[in-house]
Structures are given as structure tokens and as C-alpha cells.
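# Commentary on secondary and tertiary structure
Take a look at the letters that make up each chain.
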Amino acid sequence: MAAAAIARGIPLWLSSPIVELHQAGRRTVGAVIDKEGKPVEVTARLGVVLARGGFPGNDDLTRRLYAHRRAGKNHATLPPCGNASDGLRLAQSVGGRLRDAVHQPAAWTPVSLVPQPDGALYRFRISTSAVSPATSALIGVVVASPTSPNPITSMSPS
Ligand SMILES: Cc1cc2nc3c(=O)[nH]c(=O)nc-3n(C[C@H](O)[C@H](O)[C@H](O)COP(=O)(O)OP(=O)(O)OC[C@H]3O[C@@H](n4cnc5c(N)ncnc54)[C@H](O)[C@@H]3O)c2cc1C
């Protein structure tokens, strides 16, 4: 989408969150954007596309929809943590509804947390789809304990 916009000379505003949608009757005709701390009204000629990501940064919603979060556990999130369900809130403000009766509300994958020199943890996705006998193996590392001296089991594809 960015490449198509740049090719057509459409300006991209970074760090400019959408704040609210404008409606005329039942039609969504524009939005208010927070541009450098100032509200700017943008009028849409044809329509407004909400490409605001999911809700990994929304504590209430992830607790409501993820059973392990309700049980007091957590996970490492790969999508931008700034995706705090603004898109859902905006869609709901113009009549959208969240259908949460789904089998799984998120895609799950093993994640490595790789320490960086500055102390940050880089989140690295382990692509399980790339694991095949011909290409690679998934290696799990566990810490040995006195009661479990040899806890490592081969996880290589056979
Ligand atoms: C590690 C990883 C690997 C993946 N690999 C694949 C793959 O191989 N193939 C595939 O098809 N899919 C893949 N996906 C899934 C794919 O990336 C997502 O489905 C897709 O990016 C979702 O697009 P989106 O526009 O809804 O959200 P995003 O790509 O998350 O974009 C949302 C954007 O909105 C911005 N934003 C947030 N709040 C506001 C606001 N208020 N106003 C304005 N902007 C805002 C965010 O900063 C972000 O830039 C992968 C995802 C992850 C996390």
C-alpha cells in the first residue's frame, strides 16, 4: 500500500494517529488525524480504509479473548505493540461489531527473545512452516535441574 501511495505522489504522514471518523448520515466521509499534536480534518472522496492492525496492545481485550491471559499468564507479542485496537474502536464508532466467537482470536508461533547489547530483547519469530527434514530443525533448550538431569529430548524431524 505504501509503495502504491509513494508511486502516485500521495503524501505519507508518519506518527499521525487517526483519532475519530466523520460521518454524514450513514456514510463515513473523513477523519480527524493528530498531526504533530494538532487535530487535522481529512475529507475522503471515496471512503476510509482502516488498516490499523489488531489489538495486541489492548490489555482489556487480550484478557477478555485469550484464556491464558485470563489465567494470569502472558506471551511475547510480535506485531507492533502500538496496535491497541484503535481500528476496532473507530469501526465500532460507526456501527462495526466485533465477532469474538472464533476458534482462535490470534495466530500463535514460538518466539525467541534475543538479548541486545543495549539490554533490549529482540523478538524473533521461529517459523514452524520452515521446519522440514530437508531444511532445518526446531531446537528447544531447557535448563537442567537436579531432579531432572537429562531433560533434553530430540525434537529434530525424523
Ligand atoms: C512476525 C510476523 C510474520 C508474519 N508473516 C507473514 C507472512 O509471511 N505472510 C503474511 O501474509 N502475513 C504475515 N504476517 C501477518 C501480517 O503481517 C499481518 O496480517 C498484516 O501486517 C496485518 O496488516 P494490518 O494493516 O491489519 O496491520 P499492521 O501491519 O500491524 O499495520 C497497522 C499499522 O497501523 C499503525 N497504527 C496503529 N494505531 C494507529 C492509529 N491510531 N492511527 C494510524 N495508524 C495507526 C501501526 O503503527 C501499524 O503501522 C506476519 C505477522 C507477523 C507479526
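Notes on the structure in this doc start here. (Residues numbered from 1 in each chain as written. Predicted model: local features only at pLDDT ≥ 70, side-chain atom pairs only at ≥ 80, totals over all residues.)

### Digging into the overall build of the protein chain
The test is simple: The helix and strand labels rest on DSSP assignments: H or I over at least four residues marks a helix, E over at least two residues marks a strand, and numbering proceeds from the N terminus. Buried means a residue has 20 or more other C-beta atoms within 10 Å of its own C-beta, exposed means 12 or fewer, and partly exposed covers the counts in between; C-beta atoms are placed from the backbone. By the convention adopted here, residues make contact when the C-beta atoms placed from their backbones lie within 7 Å.
The helix and strand tally for the protein chain stands at four helices and five strands. In the protein chain, the order of α-helices and β-strands from amino to carboxyl end is α-β-β-β-α-α-α-β-β. Within the span of the protein chain, comprising 158 residues, buried residues form 4% of the whole. Long-range contacts, defined here as pairs at least 24 residues apart, represent 39% of the contacts in the protein chain between residues at least 6 apart.

### Looking at the site of the ligand
How we decide: In this analysis, residues qualify as near a molecule or strand once their C-beta atom, positioned from backbone atoms, comes within 6 Å of it. Classification used: nonpolar for Ala, Val, Leu, Ile, Met, Phe, Trp, Tyr, Cys and Pro, charged for Asp, Glu, Lys and Arg, polar for all others including Gly.
Around the ligand sit Pro 17, Ile 18, Ala 51, Arg 52, Gly 53, Leu 78, Pro 79, Pro 80, Gly 82, Asn 83, Asp 86 and Arg 125, and those are all the residues in its vicinity. Per-class residue counts for the shell around the ligand are six nonpolar, three polar and three charged.

### Observations concerning the sheet that holds strand S1 (residues 18-24)
As a reminder of what qualifies: We treat two strands as partners when DSSP finds at least two bridges between them. To define axes, lines are fitted to C-alpha atoms, for helices over the stretch in contact only, and angles between the resulting N-to-C directions are given on a 0 to 180 degree scale.
Within the open sheet, the three strands sit side by side as S1-S2-S3. Their pairing is antiparallel. Edge positions in the sheet fall to S1 and strand S3 (38-43), since each has one partner strand and no second. Strand-to-strand twist across the sheet, computed as the mean angle between neighbouring axes with direction ignored, equals 25°. Pairing of strand S2 (residues 27-35) with S3, which is carried by six bridges, proceeds in the antiparallel orientation. The residue of S3 that forms the bridge with Asp 34 is Pro 39.

### Description of the pairing of strand S5 (residues 121-125)
Little of S5 sits out of view: just zero of its five residues are buried. Looking at chain direction, strand S4 (residues 111-115) and S5 are connected through five bridges and run antiparallel. Among the inter-strand pairings, Val 114 is bridged to a residue of S5, identified as Tyr 122. Between S4 and the antiparallel strand that follows it, S5, lie five residues; Gly 119 among them carries a positive phi value of about 95°.

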